[in-house]
Amino acid sequence: DNSGLFPMVQLTLIRLCNYREWTHLLGEDREYRIQIFQANFYRIIQEVFSKRGGMVMPGKYDEYFAITDGISIADHRDIQKALTLTFPV
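What comes next concerns the included structure. All residue numbers refer to position in the chain's written sequence, counted from 1. Two thresholds apply to this predicted model, a pLDDT of at least 70 for residue-level local features and 80 or more for giving and counting side-chain atom pairs, whereas whole-chain, interface and lining totals are computed over all residues. Side-chain metrics in this entry use all non-hydrogen atoms of the structure; hydrogen atoms and water are not considered.

### Concerning the packing of helix H2 (residues 31–50) against helix H3 (residues 73–86)
Condition: Axes here mean lines fitted to C-alpha atoms, for a helix over just the part in contact, with angles spanning 0 to 180 degrees between N-to-C directions. Under the scheme used here, helices are H or I runs from DSSP no shorter than 4 residues and strands are E runs no shorter than 2 residues, and both carry numbers assigned from the N terminus. Throughout this description, any angle smaller than 35 degrees is read as roughly parallel, any larger than 145 degrees as roughly antiparallel, any in the 65 to 115 degree range as roughly perpendicular, and the remainder as oblique. Put simply, a crossing is left-handed when the front helix is turned counterclockwise from the back one by less than a right angle, and right-handed when it is turned clockwise. Here, residues are in contact when the closest pair of their heavy atoms is within 4.5 Å. Polarity classes work like this: nonpolar for Ala, Val, Leu, Ile, Met, Phe, Trp, Tyr, Cys and Pro, charged for Asp, Glu, Lys and Arg, and polar for all others, with Gly in that last group.
Where H2 contacts H3, the axes come no closer than 11 Å and their chain directions differ by 155°. Here H2 is positioned roughly antiparallel relative to H3, judged by the angle of their axes. Between H2 and H3 lies a crossing of right-handed hand. Together, Phe-41, Ile-44, Ile-45, Val-48 and Phe-49 of H2 and His-76, Ile-79 and Leu-83 of H3 make up the contact between the two elements. Taken together, the residues that form the contact of H2 with H3 break down as 7 nonpolar, 1 polar and no charged.

### Examining unusual backbone geometry
What counts is decided by this rule: Only protein chains enter the area calculation, which uses a 1.4 Å probe; residues under 20% of their type maximum are buried, those over 50% are exposed, and those in between are partly exposed.
Its identity is not glycine, yet Asn-18 carries a phi of approximately 60°, on the positive side. With respect to the helices, strands and loops of the structure, Asn-18 is situated in the loop between strand E1 (11–15) and helix H1 (19–24). Since its relative accessible area comes to 56%, Asn-18 is described here as exposed.

### Considering the layout of surface pockets
Note the following rule: For each structure, a 1 Å grid was placed over the protein atoms alone; sets of points admitting a 1.4 Å probe that cannot get out are labelled cavities, open sets with protein on both sides within 12 Å along at least five of seven lines are labelled pockets, and lining residues have an atom within 4 Å of a point. Grid points are joined across faces, edges and corners, and a volume is the space filled by probe spheres set on the points.
Taken as a whole, the largest pocket holds about 320 Å³ of empty space. In this structure, the largest pocket is lined by 15 residues; those nearest its centre are Ile-14, Arg-15, Gln-80, Leu-83 and Thr-84. Those elements that place two or more of their residues in the lining of the largest pocket are E1, H2 and H3. Ranked by residue count, the leading element in the lining of the largest pocket is H3, at 5 residues.

### Some details on the packing of aromatic side chains
Note the cut-off: Under the pairing criterion, centres of Phe, Tyr and Trp rings, with the six-membered ring standing for Trp, must be within 6.5 Å; the plane angle then separates stacked pairs below 30 degrees from edge-to-face pairs above 60, leaving the rest tilted.
In total, this model carries 9 aromatic pairs according to the counting rule given. Between the aromatic rings of Phe-37 and Phe-41, the centroid separation amounts to 5.9 Å while the plane-to-plane angle is 15°, which identifies the pairing as stacked. In this pair, Phe-37 and Phe-41 both sit in helix H2, 4 residues apart, roughly one turn of the helix. Phe-37 sits in the buried class, given a relative accessible area of 7%.

Right, dumping it as structure tokens:
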């Protein structure tokens with residue numbers, strides 16, 4: 001029986017919608033604002049997921065990957081609602 005050799009891993013993709021369009025609204029001198037936003041967003045999603053036993057890793061500028069074993073769909077919905085209220089994208 002090989003059922004215990006390869007445990008399932010739950011992976012959650014976090015994608016910021018309308019991120020590129022939002023960054024263009026920041027004007028010409030926007031790079032520092034984008035960097036601050038990315039750092040704050042990463043910090044908050046890392047805290048939110050780690051409180052529930054998960055871990056977040058950055059992908060490209062508007063995507064993050066979270067290992068979310070044991071985090072329920074209801075918890076995911078709560079996280080999504082909280083992030084949507086906190087961030088403009």
